Amino acid sequence: MAFFDNPLALIACVVLALAITAIGLIFIVQKKANNNTYLILGATDAGKTALFTRLRYNKKSPTITSMKENEATVELVDDSGAAITKQPVQLVDVPGHERLRFRYADFMPIARGIIFVVDSTTIGRSARTTAEYLYDVLANQHTTKSRIPIIIACNKTDLFTALPTSKIQTLLEAEINRLRATRSAAVEQQESSGDAVADYLGYEGQDFKFEHLENDVTLVGCSVENGDLNSITEWIADLS
Amino acid sequence: MLDLCTVLTKGGYVLWQKNYTHINGAPVDALIRDVLIEERAGITSYNKDSYALKWTFLNEKELVFVIAYQSFLQLTYVDELLETTKRLFSTTFSEQLESSDVVGGDYSSFDPLFDRAWKTLEEKYSKSKQKVPRKFEDTKKFENTLHGSKAKPGMYRTVNVGYSEGRLLNGLLSAVKEPSVEDEIAKNIQAMNLAGSPRSGARGPGGRRTVKSPKGSPVPSPNMAADPAAGKKKKSQKVMRTWEGKVAKGEMEALDYSKKLEGQEHEDATLANAESLVDRSKMGNVVDGYYEVQDVDYGDEDEDDIFDEEDGDLVSKPTAKSSGVFGFFKNLTGQREIDAATLEPVLQKMKTHLIDKNVASNISQHLCDSVQSSLLGKKLGTFGSVSTLVKDNMETALKRILTPKTSVDILRDIEQAKARSKAYSITFIGVNGVGKSTNLSKVCFWLLQNNYRVLIAACDTFRSGAVEQLRVHARNLKALQSSHSVGEVELFERGYGKDAAGIAQDAITYANNNDFDVVLIDTAGRMQDNEPLMRSLAKLVAVNNPDKIIFVGEALVGNEAVDQLTKFNQALKDFSGLQNPRHIDGMILTKFDTIDDKVGAALSMTYTTGQPIYFVGTGQTYTDLKNLKVSHVVQSLLKN
């Protein structure tokens, strides 16, 4: 115990402990500050995992319905091979199956941006289900509060049956417009304390438009099959 | 014979795949969607179209191995092939799988390895089945010939040649080694048969080519020779006949307990025996001269987490025992692999806990099996405990099951029907007294609030007072609606004793003609076992084809929930006579306010049907209709 009898040693110990705590805190704060996580969301079979593989490995890989989310830190490069973001970005691919997609909410607090993948060939038939998912994402309290920008990537433009981006926009807007009415009229949740209730999307008394939202919503066409992803990578580069 | 074999990651990548024929549709996708995601991984095989699929997990690396084959084939080796493939794959690509970059690897070199493993197993299994006439060299006769006795041992051991070349992997090796052990056994049997009965022509195990005694000459077995003689000797001894009704002297002594009982020690023994029937710790206590039975022990109530208590014991006991001090340190520092023995007690506890929460018992068993299959082989970190891992996994599993996979937005559906200018019809079905009419009127109130024109069809033509009950509701709702000036409600009634299907049909036609938006069809309650009533319900559904069939069930129900739902579904399917029979589209859970946190029925019902719970009924007034909050239910289920 002779060691601790020395007041100098004791003080040194305390200072050291404080310093370590401070460094730890700074580290944590910094990590939270420059969050560069991008979520890849969308319905099943839209091409989320394929997009993820393209960005991560720059290769085409056969995929199947995901059961778990994929995460990776990715260095995005342009055609010449130069990095387009200051630091590598974190990509999270969340399964699109209805029973698994609830996991996306866990990532919302750290999301810098959301890539919402849509299958342009089947959107005509699946507009309602896709819009329901998109509505949930748009109405999420983190989206509205931190104004998370969203890019709607209309995938599979290489296929003959793909709808043009403008048409997809009108389809989704019309669907969300209807959903807005029915969702606000739905029966309230049990045990709800009132905080989870989503705000009304857009302006009341007007048909819903993506421009009405406080966060940026962009629509682009892309094709994972052909590696035509420049619109998405540029969007990420602009954000980070 | 196989159609497809594939290795997937849980993230959705196909690491390696081999098609042997053209695959129709996407059976593997269907497997994932229908079985793996639905937490039904407790079952062992799945049939889709003409395919049968089997699978296994490598949880440590988050891989899934799937084999598909034509379901009419009875392939017995698929399970073993899956295990072999798993071992083979994980050893061959161990470095690749160990690295963080699992997907980036190249696995195409697995083709020949898999083919070889498959061939080996197929041969092994076909051999044991095929009945081929034996070659002369294999017969017993040959062994007695001059050539036979000269033949060298191991001459026919050609089967094993060819496997030694190339990479000899553990998995493959063990699969190959087995036949040679079997040969050894076969040889011994052959030798014994030869010695015992030289004439009877003992049949060696069919078609084995290597059944040759090493020296080529019959080896006399000492046992076989000695035993019959010994048996004879015993039998020849005479035993005194005991006559019926008479007791022999020896027996008399054995039956006389009176003397022995006097012995003090024996009494002690019986006392101890009786004592063992009473657990002192659980004895009640005597209060005021009355013996009070102890209360049922519910365990520590102040414990917040059910699995924290004695958790350390559960985890470390089995492993520590097996490997001593070293194992103890390994437990402390290293990563432990989770095996069935470690999981067993925790899962057992989880199961009883779920049953306590009123989950049907076989469903909690299925769930625990599913969780087990997703945890086996996983590595546990230094500070991880099995129970928290199980709990986390169970939480995700429960969330998955309770999260609806189809849209529960009825208003949106009504809008869609309105656009086609058709009335949207909802049928309420269920057993007696669960609250069909009551909740129908609650739904009606909600629809009125949203300014719809609603027609209530009174199709309960059986129970006295049913129509009057609805009439009262309709009157109340009308009064409410006129004061708020929203929507419109009308009752469609045709009295008692008539055919319910006909009334419902009339009601829908009436609604379409009079511009109603929604028709709510109230049916008579019925027991799921009552066939005539179930037939009439199936008829009602088949004739009217309602847009939604909603099953109304009590939240109080336990094991019965599964039975009710499966039988109702089965009846709708069996008795409809339609090509594409309908099934239950969703549920309303009533009396939810009475059950506190025993919300197991919600889980049982969604798991059984795979359909969502649209509403829960939480009270007596028209406004006591709520949406089920998944997180709340999951919390209640896992809470102590």
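The name given to chain B in an unreviewed UniProt entry is SRP54-type proteins GTP-binding domain-containing protein, with Umbelopsis vinacea as the source organism. The UniProt entry for chain B carries this comment under Sequence similarities (unreviewed entry): "Belongs to the GTP-binding SRP family."

Chain A has the name Signal recognition particle receptor subunit beta in an unreviewed UniProt entry, where Umbelopsis vinacea is given as its organism. The record in UniProt for chain A states the following under Subcellular location (unreviewed entry): "Endoplasmic reticulum membrane".

Chemist: Explain the nonpolar core residue by residue, including any values.
Modeler: Counting 101 residues, the largest nonpolar core has B:Ile456 and B:Ala457 as the members making the most contacts within it. Composition of this core by domain shows at least three residues from each of domain 2 (311-402) and domain 3 (410-638) of chain B. The contact partners of B:Ile456, leaving out residues within four places of it in the chain, are B:Leu440, B:Cys444, B:Leu470, B:Ala474, B:Val489, B:Leu491, B:Phe492, B:Leu520 and B:Asp522. With 48 residues, the next largest nonpolar core counts A:Ala50, A:Ile152, A:Ala153 and A:Leu229 among its residues.

Chemist: I'd like to hear about the pairing of strand 1 (residues 37-42) of chain A, residue by residue, with values.
Modeler: Residue and element names in this part refer to chain A. Taking burial as the measure, the six residues of strand 1 include five buried ones, the bulk of the element. Two elements, strand 1 and strand 4 (residues 111-119), share six bridges in a ladder whose sense is parallel. Following the sheet pairing, Gly42 is matched in strand 4 by Val117. Where strand 1 meets strand 3 (residues 89-93), four bridges bridge the pair, whose relative direction is parallel. Bridge pairing in strand 3 places Tyr38 opposite Leu91.

Chemist: Kindly report on the interface of chain A and chain B, identifying the contributing residues and their values.
Modeler: Between chain A and chain B, the contact holds 29 residues from the first and 37 residues from the second. Residue assignment for the side of chain A that touches chain B shows that the elements contributing at least two residues are helix 3 (48-57), helix 5 (123-139) and helix 7 (165-185) of chain A. A total of four residues in the side of chain A that touches chain B trace back to one element, the largest contributor, which is helix 7 of chain A. Looking at side-chain class alone, the side of chain A that touches chain B contains 10 nonpolar, 12 polar and seven charged residues.

Chemist: So, the domain arrangement of chain B: which residues are in play, and what are the values?
Modeler: Here chain B is described as being made up of domain 1 (2-129), domain 2 (311-402) and domain 3 (410-638). Domain 1 of chain B puts nine residues into the contact, and the matching count from domain 2 of chain B is 14 residues.

Chemist: Can you tell me about the sheet that holds strand 6 (residues 217-221) of chain A, naming the residues and giving the values?
Modeler: All names here are of chain A. On the basis of which strands lie adjacent, the open sheet formed by six strands has the order 2-3-1-4-5-6 and mixed pairing. Only two strands of the sheet have a single partner each, and these edge strands are strand 2 (70-74) and strand 6. Within the sheet, the average angular offset between the axes of one strand and its neighbour, ignoring direction, is 20 degrees. Where strand 2 lies against strand 3, five bridges are found, and the strand directions are antiparallel. Across the sheet, residue Val74 finds its bridge partner in strand 3, namely Val89. In the packing of helix 5 onto the sheet, the strands contacted are strand 1 and strand 4, and the crossing angle to strand 4 comes to about 165 degrees. Contacts between helix 7 and the sheet are confined to strand 4, strand 5 (150-155) and strand 6, with strand 6 contributing the most and set at about 140 degrees to the helix.

Cut-off values and rules
Residues numbered from 1 in each chain as written. Chains lettered and ligands numbered in written order. Predicted model: local features only at pLDDT ≥ 70, side-chain atom pairs only at ≥ 80, totals over all residues. UniProt positions renumbered as here; feature names shortened; annotations may be inferred. Core = buried A, V, L, I, M, F, W, Y, C linked by C-beta atoms within 7 Å. Buried ≥ 20, exposed ≤ 12 C-beta atoms within 10 Å, placed from the backbone. Domains from an automatic or database assignment. Contact = placed C-beta atoms within 7 Å. Helix = DSSP H or I, 4+ residues; strand = E, 2+ residues; numbered from the N terminus. Pairing = 2+ DSSP bridges. Nonpolar A, V, L, I, M, F, W, Y, C, P; charged D, E, K, R; others polar. Axes fitted to C-alpha atoms, helices over the stretch in contact; angles between N-to-C directions.

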